[in-house]
Protein chains: 2
Amino acid sequence: MSCQMPLEKSTQPNPSAPTLAEAKAQFINLWGVSGTSWGVSKTLAQVHALLLVSPQALSTEDIMEQLSISRGNASQTVRELIDWGLIYKELRPGERREYFVAEKDILRVTQCIIAARKRRELDQMKRTLDQLAQLPGNDTDPDYRAFHTVLTDIQQLADTSDKLLTRLMKAERNWFLDKFLKLFL
Amino acid sequence: MSCQMPLEKSTQPNPSAPTLAEAKAQFINLWGVSGTSWGVSKTLAQVHALLLVSPQALSTEDIMEQLSISRGNASQTVRELIDWGLIYKELRPGERREYFVAEKDILRVTQCIIAARKRRELDQMKRTLDQLAQLPGNDTDPDYRAFHTVLTDIQQLADTSDKLLTRLMKAERNWFLDKFLKLFL
DNA sequence: CACAAGTTTCAATAATTATTGAAACTTGTG
DNA sequence: CACAAGTTTCAATAATTATTGAAACTTGTG
């Protein structure tokens, strides 16, 4: 990987610029690797990282070039990031090309991620658990009781997590910083 | 899938037994599907689910048979679950075969999962972030400042998450139920 | 020490998931 | 309405990840 990566154009040549570009590349890489171990595609995480550290909005073309991915991949990934609420379209008058900017407020970023995962996985899971927990059975069967206990415990955990996540999601900055951090940690 | 799954032997035939076995199968399936979307292999999640709803300890052979997986897969998966602290070996005097039981206390299960993921991913991430944040640069370069801001924000988030998770991990049942649930949710 | 009854390892393979890229589509403009 | 400049879709393919299963290993026993 060349040190002279075209990650940004500085107005005048600057000796520390290559290092900054390199640091950005490392950050994009870190995000990509971390993403995969949490069940998010590498590209999704990388595009997000790229936009997070890019002060200007980038076009699909820019994203393709900087991450060496195909047009189709860029298009799909960008659409998914919009779904999550993590990036926004930026339209420029007189241009047909679309540009994208990342939500830069990390608290909001966190809330978007929590919200998306909660509704995609936790809510679905709770529905299935509720349904399974309704299974009738005779309480004298120890096997039935054991199953029921595990199920009820997990349901309780899911409820608690749900409430905690909802709270974190709706938290305002002040609540988050003051009450939460100071009182709790 | 047959209703007469050999998930357990009840001492006497019981009309609700097939339904219970079916419910267990559904639960194992739910766990498997949920696992994959959080970056955990399907088999790992399924073996865990199987042992969670099994009142008796199961041998590798039992696990292979009930989930239709190979010996090698069962062996590796079981080892990984032990690593996570989610299941225990149970040795029976006079038998060479090993049996496995799941940790059934959901609070502990949660703590094990949090601990494992924290050390595997969060801690590694914090290390890389710290290193990247040290990048020197001139504060007059807006590009540098933007990058540094994002990095610092994410570091702060990582720290907060870390503290929150550590707290949840060490929480005792009473603290968890009382302080946490009542005061917070 | 030979064997039986298991467990573990790991290269080969299968299954899954992500990515490409060409074709179809969209939209604004002369 | 034809065309230019984009975006989106999706079947084919590539890359990744999980799984198999045979061989190597381990361990207790006659």
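In this report, the structure presented in the accompanying data block is examined. Owing to the predicted nature of the structure, the values given are computational and were not obtained by experimental measurement.

### Some details on the sheet that holds strand S2 (residues 87-91) of chain A
Residue and element names in this part refer to chain A.
Okay, so step 1: Ordered by their spatial adjacency, 3 strands build an open sheet running S1-S3-S2, and the pairing between neighbours is antiparallel. With partners counted over all chains shown, the strands left at the sheet margins are strand S1 (58-59) and S2, one partner each.
Okay, so step 2: Bridge analysis of S2 against strand S3 (residues 98-102) gives 5 bridges, and the strand direction is antiparallel. Residue pairing in the sheet places Leu-91 in a bridge with Glu-98 of S3.
Okay, so step 3: Across the sheet, helix H4 (residues 71-84) touches S2 and S3, and the angle it forms with S2 is around 115°.

### Some details on the protein's contact with DNA strand C
Okay, so step 1: Close to DNA strand C lie 18 residues; Thr43(A), Ser70(A), Ser75(B), Gln76(B) and Arg79(B) are nearest.
Okay, so step 2: Within 4 Å of the protein, the contacting atoms of DNA strand C are 60% sugar and phosphate, with bases supplying the remainder.
Okay, so step 3: Taking Ser70(A), its main chain carries an N or O atom lying 2.7 Å from a phosphate oxygen of DNA strand C.
Okay, so step 4: The separation between a phosphate oxygen of DNA strand C and a polar side-chain atom of Arg79(B) is 2.9 Å.
Okay, so step 5: It is helix H4 (residues 71-84) of chain B that contributes the most residues to the surface near DNA strand C, 5 residues altogether.
Okay, so step 6: Its residues placed into classes, the surface near DNA strand C shows 1 nonpolar, 10 polar and 7 charged.

### Considering the packing of aromatic side chains
Okay, so step 1: This structure, assessed with the given rule, holds 4 aromatic pairs over all chains.
Okay, so step 2: Taken together, a centroid distance of 5.2 Å and an interplanar angle of 25° make the contact between Phe27(A) and Trp31(A) stacked. In this pair, Phe27(A) and Trp31(A) both sit in helix H1 (residues 17-37), 4 residues apart, roughly one turn of the helix.
Okay, so step 3: Seen in terms of ring centroids, Phe147(A) and Phe27(B) are 6.4 Å apart; in terms of plane orientation they differ by 85°. Their pairing is edge-to-face. Taken as a pair, Phe147(A) in helix H6 (residues 142-170) and Phe27(B) in helix H1 (residues 17-37) lie in two separate chains rather than in one.
Okay, so step 4: A network of ring pairs unites the aromatic residues Phe27(A), Trp31(A) and Phe147(B) as a single cluster.
Okay, so step 5: Taking NZ or CZ as reference, Arg92(B) lies 3.8 Å from the ring centre of Tyr99(B), over its face.

### A word on the sheet that holds strand S3 (residues 98-102) of chain B
All names here are of chain B.
Okay, so step 1: With antiparallel pairing, 3 strands are arranged side by side in an open sheet as S1-S3-S2. The open sheet has two edge strands, strand S1 (58-59) and strand S2 (87-91), and neither has a second partner.
Okay, so step 2: The strands touched by helix H2 (residues 42-52) within the sheet are S1, S2 and S3, with S3 carrying the most contacts at an inclination of about 85°.

### Overview of the relation of the copies chain B and chain A
Okay, so step 1: Rotating chain B by 180° about the axis while translating it 0.0 Å along that axis superimposes it on chain A, leaving an RMSD of 0.0 Å. As the rotation angle and translation indicate, the two copies are arranged about a two-fold axis. No C-alpha of chain B lies nearer the rotation axis than that of Gly39(B), which sits 2.1 Å from it.
Okay, so step 2: Comparing interface residues between copies, 100% of those in chain B also lie at the interface in chain A; the contact surface is shared.

### Quick look at the side chain of Thr77(B)
Residue and element names in this part refer to chain B.
Okay, so step 1: Relative to the assigned elements, Thr-77 resides in helix H4.
Okay, so step 2: Judged by relative accessible area, which is 6%, Thr-77 ranks as buried.
Okay, so step 3: Contact partners of Thr-77, with chain neighbours within four places excluded, come to Thr-43, Leu-44 and Val-47.

### Quick look at the interface of chain B and chain A
Okay, so step 1: Residue-level contacts link 52 residues of chain B with 52 residues of chain A.
Okay, so step 2: Buried area between chain B and chain A, both sides added, is near 4,900 Å², and the carbon and sulfur share of it is 77%.
Okay, so step 3: Taken together, the connections running from chain B to chain A amount to 2 salt bridges.
Okay, so step 4: For Asp143(A), the salt bridge identified is with Lys24(B), shortest N-O distance 3.1 Å.
Okay, so step 5: Our enumeration of links across chain B and chain A arrives at 4 residue pairs in polar contact (both at pLDDT 80 or more).
Okay, so step 6: Of all the elements in the fold, those that place two or more residues in the side of chain B that touches chain A are H1, helix H5 (106-133), helix H6 (142-170) and helix H7 (173-184) of chain B.
Okay, so step 7: It is H6(B) that contributes the most residues to the side of chain B that touches chain A, 13 residues altogether.

Parameters at a glance
Residues numbered from 1 in each chain as written. Chains lettered and ligands numbered in written order. Predicted model: local features only at pLDDT ≥ 70, side-chain atom pairs only at ≥ 80, totals over all residues. Heavy atoms only, no water. Pairing = 2+ DSSP bridges. Helix = DSSP H or I, 4+ residues; strand = E, 2+ residues; numbered from the N terminus. Contact = heavy atoms within 4.5 Å. Axes fitted to C-alpha atoms, helices over the stretch in contact; angles between N-to-C directions. Near = heavy atom within 4 Å. Polar contact = N/O pair within 3.5 Å; in protein donor to acceptor, adjacent residues only side chain to side chain. Nonpolar A, V, L, I, M, F, W, Y, C, P; charged D, E, K, R; others polar. Phe/Tyr/Trp six-rings, centres within 6.5 Å; stacked < 30°, edge-to-face > 60°. Lys NZ or Arg CZ within 6 Å of the ring centre and 35° of its normal. Least-squares fit on C-alpha atoms with pLDDT ≥ 70 in both. Buried < 20%, exposed > 50% of the residue type's maximum accessible area, 1.4 Å probe, protein only. Buried area = accessible area lost by both parts, 1.4 Å probe. Salt bridge = Lys/Arg side-chain N within 4 Å of Asp/Glu carboxyl O.

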